[in-house]
Amino acid sequence: MTEPLELMGAAPNLQRVLTLCADIGPGLMLGESVEGVRCNYPIVGGDFEGLDFKGQVLAGGEDIFLLRPDGVGQLDARYSLRTDQGELINIRNIGLLNMTEYGRQLERQGQWPIPETEYHCTCTPVFQVPKGRLDWLTRASFIGQVHYPNASQVVIRCYRFY
């Protein structure tokens, strides 16, 4: 069914609300599974800055990564942030890593990260926050762009739909 153009409405706007740089430890390879190759990556620290808040990425989180047989990577990360004012923010981030054929070849050869031109990675963060000034994070939908500047760091830029 094709919807008439006038009924489709305007595209949603995006507002950047958070950038976080998470430090990642060496992966713990679980190996082949029915779904693909699994590897757990511990989140060991980092920092973040938001619209009116900033602070630290806490050690203890993890990204449970799955490389599917079709070459698409699935991210499933859970981690916590602590703001400079002491507020705790829990995040669950689910995403997809799509690589070009050349990017997959580089990754199979053990190169990571691969050049940004060889992948596209997005995520959908969901936030748990205490009642108060940050609870707006629980009343909106978000999308994130994921970049890998080096093998031990991930940068996620989170945007709010409105």
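Let me sum up the structure you'll find in this document. (Residues numbered from 1 in each chain as written. Predicted model: local features only at pLDDT ≥ 70, side-chain atom pairs only at ≥ 80, totals over all residues. Heavy atoms only, no water.)

Regarding the pattern of salt bridges
Cut-off, in case you're wondering: Note on definitions: salt bridges are taken to be side-chain nitrogens of Lys or Arg within 4 Å of carboxyl oxygens of Asp or Glu. A helix here means a DSSP run of H or I that spans at least four residues, while a strand means a run of E at least two residues long, and both kinds are numbered starting from the N terminus. Per-residue accessibility, obtained with a 1.4 Å probe over protein chains only, is compared with the maximum for each type, and a residue is labelled buried under 20%, exposed over 50%, and partly exposed between these values.
For the structure on display, the rule yields six salt bridges. Between D76 and R92 there is a salt bridge; the shortest N-O distance is 3.0 Å. Residue D76 is located in strand β6 (residues 73-83), and its partner R92 is located in strand β7 (residues 88-99); the two are separated by 16 residues in the primary sequence. With a relative accessible area of 31%, R92 lands in the partly exposed category. Between E101 and R104 there is a salt bridge, with its nearest N and O atoms 3.1 Å apart. Of this pair, E101 and R104 both sit in helix α2 (residues 101-108), three residues apart, roughly one helical turn. Classification of R104 as partly exposed rests on a relative accessible area of 22%. What emerges from the salt-bridge pattern is a single network uniting E101, R104 and R108.

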